[in-house]
Amino acid sequence: MKIDFANLQYQYQLYKTEIDEAISAVLNKSNYIMGEEVATLENSLQEFTKAKYAITCSNGTDALLLAMMALDIKPGDEIITTPFTFIATAETIAFLGATPVFVDIDEKTYNIDPSLIEEKITDKTKAIMPVSLYGQPSDMDAIASIADKHNLKVIIDGAQSFGSTFNGLTDSNLGDISTTSFFPAKPLGCFGDGGAVFTNNEELALKMKSLRVHGQSKRYHHKYIGMGGRLDTLQAAVLNVKIKHYPKDLSLRQEVASKYTKALENKTNLILPFVAPSATSAWAQYSVRVKNRDEVQAKLKEQEIPTAVHYPMPLHLQECFEYLGYKKGDFPVSEIVSGEIMSLPMNPYITNEEIDYISKNVISTDNIKLKKGKRCQMKIK
Ligand SMILES: *Cc1c(COP(=O)(O)O)cnc(C)c1O
């Protein structure tokens, strides 16, 4: 049985008629830049997330830049974030000349550990940037109360978590600004690059709208130094179709995750995902921890079961961040988890047979002889 990791082809076939129509409508109008489809999508995003303002943009990386530029993040400022994330989170902080200040993760959710944030706050700290990793929001109550106490802004990197919730509010309706990505393999993906920023603050919304189009106030008049950060009309047209089906796709993802958990829960060689009671996940990934990951991955590959590692090296150990002066051992939980984490195929369309097949093959790796020194240190049960 050959398994597809994200199964984007199947999804296209499923909505093909509608998507082809939406694309050819744009081609017929040739309204490629800021066509009406963009405004339609922004309205749907507001409706879905309940955030007051949704502003689409070129991708999830530029969404983070727009958010920080709107909050006047400048060289020398410090932003507290997690080292266990995709590079874009900290890269954009550094790109603006600010300093990413890392805080280790919680050993169950793999999101930033709020109890370690306060000791990293200095008079240069401007914001906290939690990442909703694998689709699950961080502990936003704890983070909001630290931010309030120290007068800091909160920017959520929600690239993986569109549609997730914390205490009943969507991830896009939390923090001062929340971002997302429509990269094809994200829970809500377009057919290329895309992203959005969300806020309930009108002033920030207007500023981000302007920053997205070169900081213009009106045509050829520029109030801010901005960027070329628009979403293509074609991508908006694709998303207008996919967002209609997204509530169903999201609940299918949640179902797939529950089925995985049920199929794998008795496996002593695995640590399964944990979702906090106050949160729901968009299940961008279903990631398990396994002691002898290389061998397990190789064995699954033989059975045509693709896996991925999100992420094999925490950001404080990346070459590009050498100048920050971190070393191995600084963030032990992030380091252990990045050595053991492995994502299984995840998409709304995985069948029961496929889940059985994948689970059976992960299970049979119980018998693989563990290499000395490769066992995980932590046990969570
Ligand atoms: C995907 C991702 C991004 C970047 O999104 P792009 O649309 O690819 O630019 C940023 N942060 C996280 C956590 C991501 O997973």
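Note that the structure is a prediction, hence the values are computed from the model and not measured.

1. Things to note about the overall build of the protein chain
- Scanning the protein chain for helices and strands turns up 10 helices and 15 strands.
- Computed over the C-alpha atoms, the radius of gyration of the protein chain is 21 Å, within 12% of the 21 Å expected from 2.2 N^0.38 for a compact globule of 381 residues.
- Going through the 381 residues of the protein chain one by one, you find that 55% of them count as buried.
- Once local pairs closer than 6 in sequence are excluded, the contacts in the protein chain between residues at least 24 apart make up 71%.
- Separation of charge centres in the protein chain, based on 42 positive and 46 negative side chains, amounts to 3 Å.

2. A word on unusual backbone geometry
- The omega torsion across His310 and Tyr311 is 10°, close enough to zero to call that bond cis.
- Positionally, Tyr311 belongs in the loop between α8 (293-302) and α9 (332-340).
- Even without glycine at this site, Ser30 takes up a positive phi of about 55°.
- Tracing the backbone shows Ser30 in the loop between α1 (8-29) and α2 (36-49).
- A relative accessible area of 40% places Ser30 in the partly exposed class.
- The residue His214 is not glycine, and still its phi comes out positive at about 55°.
- Note that His214 resides in the loop between α6 (202-212) and β10 (216-218).

3. Remarks on the sheet that holds strand β6 (residues 165-166)
- If you walk across this open sheet you meet the three strands as β7-β6-β13, and the pairing is antiparallel. Two strands bound the open sheet, and with one partner strand each, they are β7 (169-170) and β13 (279-280).
- Inspection of the sheet shows β6 paired to β13 by two bridges, in the antiparallel sense. The partner of Phe166 across the bridge, within β13, is Ala279.

4. What to know about the pairing of strand β5 (residues 153-157)
- Within β5, four of the five residues are buried, which leaves it mostly tucked inside the rest of the structure.
- For the crossover from strand β4 (residues 125-129) across helix α5 (residues 140-150) to β5, the handedness is right-handed.
- Looking at chain direction, β5 and strand β8 (residues 177-181) are connected through three bridges and run parallel. Bridge pairing in β8 places Ile156 opposite Ser178.

5. Brief notes about the UniProt feature "modified residue: N6-(pyridoxal phosphate)lysine" (unreviewed entry) in the protein chain
- Under the local residue numbering, the UniProt record ascribes the feature "modified residue: N6-(pyridoxal phosphate)lysine" (unreviewed entry) to Lys186.
- Residue placement: Lys186 occurs in the loop between β8 and β9 (195-199).
- Ignoring sequence-local partners within four residues, the contact set of Lys186 consists of Ala159, Gln160, Ser181 and Arg253.

6. Some details on the sheet that holds strand β14 (residues 286-290)
- Taken together, three strands build an open sheet; the order of strands is β12-β14-β15 and the sheet is antiparallel. Every interior strand has two partners, whereas the edge strands, β12 (270-271) and β15 (341-344), have only one.
- Pairing of β12 with β14 involves two bridges; the strand directions are antiparallel. Bridge pairing in β14 links Leu270 to Val290.
- Sheet strands touched by α8: β14 and β15. Its angle to β15, the strand with the most contacts, is close to 20°.

7. Points about the site of the ligand
- Around the ligand lies a shell of 16 residues, among which Gly60, Thr61, Asp157, Ser181 and Lys186 are the nearest.
- Within the backbone of Gly60, an N or O atom sits 2.7 Å from an oxygen atom of the ligand.
- Here Lys186 contributes a side-chain N or O atom positioned 2.8 Å from an oxygen atom of the ligand.
- Surface burial for the ligand is 93%, taken as the share of its 380 Å² of free accessible area covered by protein chains.
- Elements supplying a minimum of two residues to the shell around the ligand: α3 (60-70) and α4 (88-95).
- Across the shell around the ligand, the residue classes tally to six nonpolar, eight polar and two charged.

8. So, α2
- With 14 residues, α2 ought to run about 20 Å at 1.5 Å a step, and its terminal C-alpha atoms sit 20 Å apart, in line with that.
- Along α2, the residues classified as buried are Glu37, Val38, Leu41, Glu42, Leu45 and Thr49. An end-on view of α2 places all buried positions within 140° of arc, on one side of the element.
- At the exit of α2 stands Lys50, carrying a positive phi of roughly 70°.

9. Looking at the pattern of salt bridges
- Inspection of every chain in the model, using the stated rule, returns 10 salt bridges.
- Ionic pairing is found between Glu42 and Arg212, a salt bridge with its closest N-O pair at 2.9 Å. In this pair, Glu42 sits in helix α2 while Arg212 sits in helix α6, placing the two residues 170 residues apart along the sequence. Each of the two residues, Glu42 as well as Arg212, counts as buried.
- As a salt-bridge pair, Glu340 and Arg289 come within 2.8 Å of each other at their nearest N and O atoms.

What counts and what doesn't
Residues numbered from 1 in each chain as written. Predicted model: local features only at pLDDT ≥ 70, side-chain atom pairs only at ≥ 80, totals over all residues. Heavy atoms only, no water. Helix = DSSP H or I, 4+ residues; strand = E, 2+ residues; numbered from the N terminus. Rg over C-alpha atoms; globule rule 2.2 N^0.38 Å. Buried < 20%, exposed > 50% of the residue type's maximum accessible area, 1.4 Å probe, protein only. Contact = heavy atoms within 4.5 Å. Lys, Arg positive; Asp, Glu negative; His and termini not counted. Charge placed at Lys NZ, Arg CZ, Asp CG, Glu CD. Pairing = 2+ DSSP bridges. Right-handed = clockwise from strand over helix to strand, strands pointing away. UniProt positions renumbered as here; feature names shortened; annotations may be inferred. Axes fitted to C-alpha atoms, helices over the stretch in contact; angles between N-to-C directions. Near = heavy atom within 4 Å. Polar contact = N/O pair within 3.5 Å; in protein donor to acceptor, adjacent residues only side chain to side chain. Areas by Shrake-Rupley, 256 points an atom, 1.4 Å probe, with all protein chains shown as cover. Nonpolar A, V, L, I, M, F, W, Y, C, P; charged D, E, K, R; others polar. Expected span 1.5 Å × (residues − 1). Arc of directions from axis to C-beta. Salt bridge = Lys/Arg side-chain N within 4 Å of Asp/Glu carboxyl O.

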